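Observations on the three-dimensional arrangement
These are the residues of each chain, in order.
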Amino acid sequence: MYAIDVGYRHIDTAWFYKNEEEIGDALKDTFSKGKIKREDLFIVTKLWNNFHERKSVVPKLKESLKFLRLDYVDLFLIHWPFGFKENSGDLPQDESSFSEVDYLETWKGMEECVDLGLARSIGLSNFNEEQTERVLQNCRIRPVVNQVEVNPNINQKKLIQFCKERDIIVTGFCPLGRLGTVNSAYPQSTVLDPKVVEMASKYNKSPAQIILRYLISLGISVIPKSVTKSRILENFQIFDFALDAEDTAYLDTCNKNQRVSPMATYKDHKYYPF
Ligand SMILES: NC(=O)c1ccc[n+]([C@@H]2O[C@H](COP(=O)([O-])OP(=O)(O)OC[C@H]3O[C@@H](n4cnc5c(N)ncnc54)[C@H](OP(=O)(O)O)[C@@H]3O)[C@@H](O)[C@H]2O)c1
């Protein structure tokens with residue numbers, strides 16, 4: 001696994017991505033070479049929306065662990081606060097497929113995963129402030145992470161501060177604004193902003209590195225995705241420079257609260273977060 005060879009230790013996956021088996025194979029191969037041990041990695045997976053009933057949570061994590069060929073994950077997240085009926089497909093299109101299961105019920109199943117040693121820690125993804133607070137007020141085991149979209153178009157400063165005050169770490173997904181995916185509904189990635197391109201030559205870095213460096217300066221972790229070896233390496237080489245105040249201030253002005261991942265099909269769901 002090239003990413004591990006160049007230094008990545010955080011692996012983000014999900015039942016929904018259908019790549020857990022592939023990752024499991026790559027992990028087996030990596031461990032068999034003996035350089036990296038299981039405890040050197042931080043492996044994250046997520047519970048998909050069809051499985052929010054308490055009784056489904058442990059079995060679904062066990063299924064993910066089987067795919068991943070692991071005994072435990074370091075972090076298990078509720079992928080979205082809203083649920084779907086179990087047999088309605090991964091991304092159902094009509095409201096009759098929405099499930100009313102409260103994510104507080106789901107959270108009890110998540111806590112059982114920790115009790116059983118299947119997850120070292122548990123957390124949330126795509127939860128807003130109110131939903132996060134509701135979990136905190138009703139939990140036995142606290143969420144340690146909220147994984148949400150963070151890039152300069154939606155810098156989430158308010159949510160990051162809210163989470164920080166509650167000892168919750170924010171992981172930023174789509175940090176590059178899903179650059180390269182053709183969808184005219186997406187806001188243009190700031191990686192393509194001419195000012196960012198100019199900054200890149202000033203620091204002798206790439207535009208993507210400028211953006212990733214900006215994001216980690218917000219006090220979050222980031223999970224850029226690439227299938228390209230040179231970019232996997234490039235996205236890791238961001239710890240040897242810092243942006244000056246003027247460039248940081250410019251990137252702050254890019255915030256428009258526009259998402260590439262609004263999941264707007266579900267905007268009428270009772271637990272839709274945005
Ligand atoms: N929790 C959630 O609901 C949720 C939702 C979405 C995503 N995620 C997580 O976040 C991760 C990243 O999100 P994402 O893949 O949607 O968006 P992203 O990381 O913002 O963008 C990925 C795109 O950027 C390209 N890219 C990567 N590095 C680059 C570089 N240095 N220069 C130029 N282009 C570059 C990639 O191309 P190539 O691959 O062709 O190199 C790919 O097309 C996902 O893998 C997933 O783990 C979580």
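In case you missed it, the structure is sitting above this.
Within every chain, residues take consecutive numbers counted from 1 along the sequence as written. Local features are withheld for residues below a pLDDT of 70 in this predicted model, meaning they are given only at 70 or higher, and side-chain atom pairs are given and counted only at 80 or more; totals for whole chains, interfaces and linings count all residues. To get the side-chain values, all heavy atoms of the structure are used, and hydrogens and water are removed first.

It is worth spelling out the pairing of strand 7 (residues 145–149) at this point. Throughout this description, buried means an accessible area under 20% of the type-specific maximum (1.4 Å probe, protein chains only), exposed means over 50%, and partly exposed covers the range between. What counts as a helix is a DSSP run of H or I of at least four residues, what counts as a strand is a run of E of at least two, and both are numbered from the N terminus. In terms of burial, strand 7 is largely enclosed, as 5 of its 5 residues are buried. Each pair of strands is called paired provided DSSP finds at least two bridges between the two strands. For strand 6 (residues 122–125) and strand 7, the ladder comprises 2 bridges, and the chain directions are parallel. Residue pairing across strands places Ser125 opposite Gln147, the latter belonging to strand 7. A right-handed crossover is one whose linking path, passing over the helix from the first strand to the second, runs clockwise when the strands point away from the viewer. In this fold, the crossover linking strand 6 to strand 7 by way of helix 5 (residues 129–137) has right-handed handedness. Since strand 7 and strand 8 (residues 169–173) lie parallel, the crossover through helix 6 (residues 157–164) that links them has a hand, and here it is right-handed.

Once that is clear, we can look at the side chain of Thr171. If you trace the backbone, Thr171 turns up in strand 8. Judged by relative accessible area, Thr171 falls into the buried class, the value being 4%.

Another aspect to go through is the nonpolar core. Nonpolar side chains in soluble globular proteins tend to end up buried together. In this description, a nonpolar core means a group of buried Ala, Val, Leu, Ile, Met, Phe, Trp, Tyr and Cys residues linked to one another through side-chain atoms lying within 4.5 Å. With 40 residues, the main nonpolar core has Leu27, Leu61, Val73, Phe76, Phe82 and Met110 as its most contacted residues. Elements that contribute at least two residues to this core include exactly helix 2 (20–33), strand 2 (42–47), helix 3 (54–68), strand 3 (75–78), helix 4 (103–115) and strand 6. Among the nonpolar cores identified, the runner-up in size contains 30 residues, and Leu159, Ile211, Ile220 and Leu251 belong to it.

Take the packing of helix 4 against helix 5 next. Running from N to C, helix 4 and helix 5 cross one another at 50 degrees; their axes reach a closest spacing of 10 Å. On the basis of the axis angle, helix 4 is oblique to helix 5. Relative to helix 5, helix 4 is oriented so that their crossing is right-handed. Across the interface between the two elements, Tyr103, Leu104 and Trp107 from helix 4 touch Gln131, Arg134 and Val135 from helix 5. Note on geometry: axes are C-alpha line fits, over the in-contact stretch for helices, and angles between N-to-C directions span 0 to 180 degrees. The scheme is simple: roughly parallel for angles under 35 degrees, roughly antiparallel for over 145, roughly perpendicular for 65 to 115, oblique for anything else. Each crossing is labelled by how the near helix is turned from the far one, with a counterclockwise turn of less than a right angle marking it left-handed and a clockwise turn marking it right-handed. Contact between two residues is taken to exist if any of their heavy atoms lie within 4.5 Å; hydrogens are not considered.

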